[in-house]
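Single-letter residue listing:
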Amino acid sequence: MTCASCVGHVEKALHKLPGISQTAVNLLSNEATVTYDAAQTNPTAIAAAIEDAGYTVPQPETALTLDVQGMTCAACVGHVEKALHKVPGVTQASVNLLANEARVAFDPARTSPAALIAAVEDAGYHAAVNVQTNPSEPAEPDGEYAAVRRYAFISLLLGALAMGSMPFAGHDSLPARYAQLAAAIFVITVPGRAYYVRAFQGLRHGRFDMSTLIAVGTGSAFLYSLAA
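Definitions and cut-offs
Residues numbered from 1 in each chain as written. Predicted model: local features only at pLDDT ≥ 70, side-chain atom pairs only at ≥ 80, totals over all residues. Heavy atoms only, no water. Core = buried A, V, L, I, M, F, W, Y, C linked by side-chain atoms within 4.5 Å. Buried < 20%, exposed > 50% of the residue type's maximum accessible area, 1.4 Å probe, protein only. Contact = heavy atoms within 4.5 Å. Helix = DSSP H or I, 4+ residues; strand = E, 2+ residues; numbered from the N terminus. Expected span 1.5 Å × (residues − 1). Arc of directions from axis to C-beta. pLDDT = per-residue confidence, 0-100. Pairing = 2+ DSSP bridges.

Some points on the nonpolar core
Consideration 1: One finds Leu-66, Val-68, Val-80, Leu-84, Leu-116, Val-120 and Tyr-125 to be the most contacted residues of the largest nonpolar core, which totals 24 residues.
Consideration 2: Ignoring sequence-local partners within four residues, the contact set of Val-120 consists of Leu-66, Val-68, Val-80, Leu-84, Tyr-125 and Ala-127.
Consideration 3: Counting residues in hydrophobic clusters, the runner-up holds eleven residues, among them Val-7, Leu-17, Ile-20 and Ile-46.

Here we look at helix α6 (residues 174–189)
Consideration 1: Over its 16 residues, α6 runs 22 Å from end to end, which matches the ideal 22 Å to within 8%, given 1.5 Å per residue.
Consideration 2: Buried within α6 are the following residues: Ala-176, Gln-180, Ala-183 and Ile-188. End-on, the buried residues of α6 take up no more than an arc of 130 degrees, which puts them together on one face. Facing away from the buried side of α6 by more than 90 degrees, the exposed set consists of Pro-175 and Tyr-178.

Considering the side chain of Thr-41
Consideration 1: Within the element layout of this structure, Thr-41 appears in the loop between β2 (31–36) and α2 (43–52).
Consideration 2: Residue class for Thr-41 comes out buried when judged on its relative accessible area of 6%.
Consideration 3: Residues in contact with Thr-41, not counting those within four places in the same chain, are Leu-17, Pro-18, Ile-20, Tyr-36 and Ile-46.

Some words on unusual backbone geometry
Consideration 1: Despite not being glycine, Asn-30 shows a phi value in the positive range, around 55 degrees.
Consideration 2: Judged by its relative accessible area of 53%, Asn-30 is exposed.
Consideration 3: Its identity is not glycine, yet Asn-100 carries a phi of approximately 55 degrees, on the positive side.
Consideration 4: Mapped onto the secondary structure, Asn-100 falls in the loop between β4 (90–96) and β5 (101–106).
Consideration 5: We classify Asn-100 as buried; its relative accessible area is 5%.

Focus on helix α1 (residues 4–15)
Consideration 1: Taking 1.5 Å as the rise per residue, α1 with twelve residues should run 16 Å; its terminal C-alpha atoms sit 17 Å apart, in good agreement.
Consideration 2: Of the positions making up α1, those classed as buried are Cys-6, Val-7, Val-10, Ala-13 and Leu-14. Buried residues along α1 cover an arc of 130 degrees about the axis, so they all sit on one side. Of the exposed residues in α1, the ones pointing more than 90 degrees away from its buried face are Ala-4 and Lys-12.

So, the environment of Ser-94
Consideration 1: One can find Ser-94 in strand β4.
Consideration 2: Relative accessible area serves as the criterion here: at 40%, Ser-94 is assigned to the partly exposed category.
Consideration 3: Ignoring anything within four residues of it in the chain, the contact list for Ser-94 reads Glu-81, Glu-101, Ala-102 and Arg-103.

So, the confidence of the model for the protein
Consideration 1: Chain-level statistics for the protein give a pLDDT mean of 86 and a share of 93% at 70 or above.
Consideration 2: pLDDT under 50 marks residues 133–139. Its contacts with residues more than four places away, or in other chains, come to 17 contacts.

Some thoughts on the pairing of strand β3 (residues 62–69)
Consideration 1: In terms of strand pairing, β3 meets β5 through six bridges, oriented antiparallel. What sits directly across from Thr-62, in β5, is Phe-106.
Consideration 2: Two elements, β3 and strand β6 (residues 126–129), share four bridges in a ladder whose sense is antiparallel. Within β6, the residue paired with Leu-66 across the bridge is Val-129.

Here it is, written out as structure tokens:
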């Protein structure tokens, strides 16, 4: 709308609908307040009448918070945001790595929460609708960080023992070498397994992130040491 004449056109279009009892169109705020009988018309018909008169009625947006698991670095944030923006109807997507959350604004007439979750899943991450009473509160999976701390301590301890034993046991001691190999295999397959799984998932989806760097670095070092 650009002038008072536009206001008149919109009001006239609205009053042609059955069930409309009162309209108030405000040019400055670009708004139309309508009182109507829900048994005779509905918001969709009202918006259609305005569109038929030659004006645009923006579709209402819905805001949704998704819990996203599997992100490890800023590259993951970019991958998730890119996947969400590809979904038709998404107008805004903001991903918080620390909170493991993605806040999405979208047109409910063009997409749905299920489609948003599917887009994140297709990108190689896990997603679910945040059902917390306070959605701004960071979503922390039960026991995840405790497990990460425990695995980090175990890896550090085994690594320190393996490296510390080298000057004393030497490489000529077969039991020492197998003990070091066992420690390395355990660290890679148990505490480090998540990095290799995420790196493989990223490779399948054609993306590279911090998990890729960790998997390539530690994997190549392990294989080279094993061969040596």
